[in-house]
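So the chains spell out like this:
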Amino acid sequence: MPTPPRELIAAFRHRARKSLGQNFLTDAGVLQAIAEAARLGPETTVLEVGPGPGVLTQELLARAGAVVAVEKDPRSVAFLGGAYLDLVAGAANLRVIEGDALTVDLDAALAGASDLVAVGNLPFNVGTAIMNRLLAQPDRWRRWVFMFQREVARRLTAEPDSKAYGSLSLAVQSRARVQPVVDVPPEAFVPAPQIHAGVVLFDLEGPPSVPLALQPSFDRVVRSAFATRRKTLRNNLKRIFGDETDAVLDTAGVDGRKRPEQLPLAAFAALAQVVEDRNTD
Ligand code: SAM
């Protein structure tokens, strides 16, 4: 039986630090939903970002072979390596590294680990920066399950023709298949944050929808296409293609009269392919 989250938080005995984005999850249903979405098994090593008092960590330990946790707060590192060991079954399979997930040496932290999954109730202020860092090495991972503030979660999983769809949606969806897992209200945490959160599953197995070699051109096209949302794609793309814009759109088979948010990922990939072909001609 897992130790109730509130008991772990009480045993941690420290005040949550706002500067570290510390809002601890107390809702057992949400904690289990995150761990279940990660589809862990005895072969899996989990990188947990920001374990805090270990409320999510114990759900991961119950399902995975090993957990490597990176935590910036030395108070949490001391707790997880001390009192926590008597409170949580399987805590011997936990290795805690004190460090910043934005800079920690991940090669050293994860040396020898296979079947890698990353999970984290990420601090809201650095969530996307941590995700972008991990995205730089997509082949390393099978999947991730991360919590973000709800607006960011909506943008990550947005589809065309929605307000949330934009360059963040495309940057991530070109590299991973994404899916919303669960919305999390403020009451699920102590202390309760001012905002809602959302959990997102990223599936990184198999080839990305945009091949790695094409991604720099894809990112460039997407950035230009969304430079001004109210403009048509054609007008936005003029910034990079100038007089060649119509020829590029024709070759890619993309309707430049549409607004960027109306176009699927495949349209931006087709434009990126034209850019590549022109560069190699
Ligand atoms: N996992 C716990 C939970 O679900 O309740 C705590 C989540 S809390 C939102 C975020 C955690 O990330 C805190 O423990 C905080 O100290 C830690 N943290 C903040 N910035 C970090 C960083 N740059 N690198 C690693 N951990 C960080």
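In the block above lies the structure referred to throughout.
Residues numbered from 1 in each chain as written. Predicted model: local features only at pLDDT ≥ 70, side-chain atom pairs only at ≥ 80, totals over all residues. Heavy atoms only, no water.

**Q** Let's hear about the packing of aromatic side chains: which residues, and what values?
**A** By the definition in use, this model includes 11 aromatic pairs. Ring geometry for phenylalanine 12 and phenylalanine 79: centres 5.5 Å apart, planes at 65°, overall edge-to-face. Within this pair, whereas phenylalanine 12 is found in helix 1 (residues 5-12), its partner phenylalanine 79 is found in helix 4 (residues 74-80), the two being separated by 67 residues in sequence. Overall, the relative accessible area of 2% leaves phenylalanine 12 in the buried class. On the basis of relative accessible area, phenylalanine 79 is assigned to the buried category, the value being 6%. Centre to centre, the rings of phenylalanine 79 and tyrosine 84 are 5.8 Å apart; their planes meet at 65°, and the pair counts as edge-to-face. Put simply, the rings of Trp141, Trp144, Phe146, Phe148 and Phe202 pair up and form one aromatic cluster. (Phe/Tyr/Trp six-rings, centres within 6.5 Å; stacked < 30°, edge-to-face > 60°. Helix = DSSP H or I, 4+ residues; strand = E, 2+ residues; numbered from the N terminus. Buried < 20%, exposed > 50% of the residue type's maximum accessible area, 1.4 Å probe, protein only.)

**Q** Hey, could you go over the packing of helix 12 (residues 245-252) against helix 13 (residues 265-280) for me, with residue numbers and the actual values?
**A** Here helix 12 crosses helix 13 at 115°, and the two axes come no closer than 9 Å. One finds that helix 12 runs roughly perpendicular with respect to helix 13. Helix 12 and helix 13 meet at a crossing whose hand is right-handed. Together, Val248, Leu249, Thr251 and Ala252 of helix 12 and Ala270, Leu271, Val274 and Arg278 of helix 13 make up the contact between the two elements. Split by residue class, the contact of helix 12 with helix 13 holds six nonpolar, one polar and one charged. (Axes fitted to C-alpha atoms, helices over the stretch in contact; angles between N-to-C directions. Parallel < 35°, antiparallel > 145°, perpendicular 65-115°, else oblique. Left-handed = near helix turned anticlockwise from the far one by under 90°. Contact = heavy atoms within 4.5 Å. Nonpolar A, V, L, I, M, F, W, Y, C, P; charged D, E, K, R; others polar.)

**Q** Quick one: what's the story with the sheet that holds strand 9 (residues 197-203), residue by residue and with numbers?
**A** Taken in spatial order, the seven strands line up as 4-3-2-5-6-9-7 in an open sheet, and their pairing is mixed. Both outer strands of the open sheet, strand 4 (94-98) and strand 7 (177-184), are each paired with one neighbouring strand and no more. The average angle at which neighbouring strand axes cross in this sheet is 20°, direction not considered. As paired elements, strand 2 (residues 45-49) and strand 3 (residues 66-71) share five bridges and run parallel to each other. For valine 49, the partnering residue across the bridge sits in strand 3 and is valine 70. Helix 8 (residues 150-157) contacts strand 6 (143-149), strand 7 and strand 9 of the sheet and is inclined by roughly 135° relative to strand 6. (Pairing = 2+ DSSP bridges.)

**Q** Describe the pairing of strand 3, and please don't skip the residues or the numbers.
**A** Counting buried positions along strand 3 gives five out of six residues, so the element sits mostly inside the fold. You can see the chain leave strand 2, run along helix 3 (residues 55-61) and come back into strand 3, and the turn it takes is right-handed. (Right-handed = clockwise from strand over helix to strand, strands pointing away.)

**Q** Now, about the nonpolar core: what can you tell me, with residues and values included?
**A** Nonpolar side chains in soluble globular proteins tend to be buried together. Among the nonpolar cores identified, the biggest contains 36 residues, and Leu25, Ile34, Leu60, Tyr84, Val119, Met147 and Val184 are the most heavily contacted of them. It is helix 2 (residues 28-37) that provides the largest number of residues to this core, a total of five residues. When sequence neighbours within four positions are dropped, the list of residues in contact with methionine 147 reads Leu25, Val30, Ile34, Gly120, Asn121, Leu122, Val184, Phe189, Ala197, Gly198 and Val199. Counting residues in each nonpolar core, the second largest holds 31 residues, with Ala101, Leu106, Ala118 and Ala176 among its members. (Core = buried A, V, L, I, M, F, W, Y, C linked by side-chain atoms within 4.5 Å.)

**Q** Explain the site of the ligand to me, and be specific about the residues and the numbers.
**A** Of all residues adjacent to the ligand, which total 20 residues, the nearest are Leu25, Gly50, Glu71, Asp100 and Asn121. Backbone polar atom of lysine 72 to a nitrogen atom of the ligand: 3.4 Å apart, as the coordinates give it. Starting from 590 Å² of accessible surface for the ligand in isolation, the protein chains cover 98%. Of all elements in the fold, only strand 1 (24-25) and strand 3 reach the threshold of two or more residues within the shell around the ligand. A per-class count over the shell around the ligand returns eight nonpolar, seven polar and five charged. (Near = heavy atom within 4 Å. Polar contact = N/O pair within 3.5 Å; in protein donor to acceptor, adjacent residues only side chain to side chain. Areas by Shrake-Rupley, 256 points an atom, 1.4 Å probe, with all protein chains shown as cover.)

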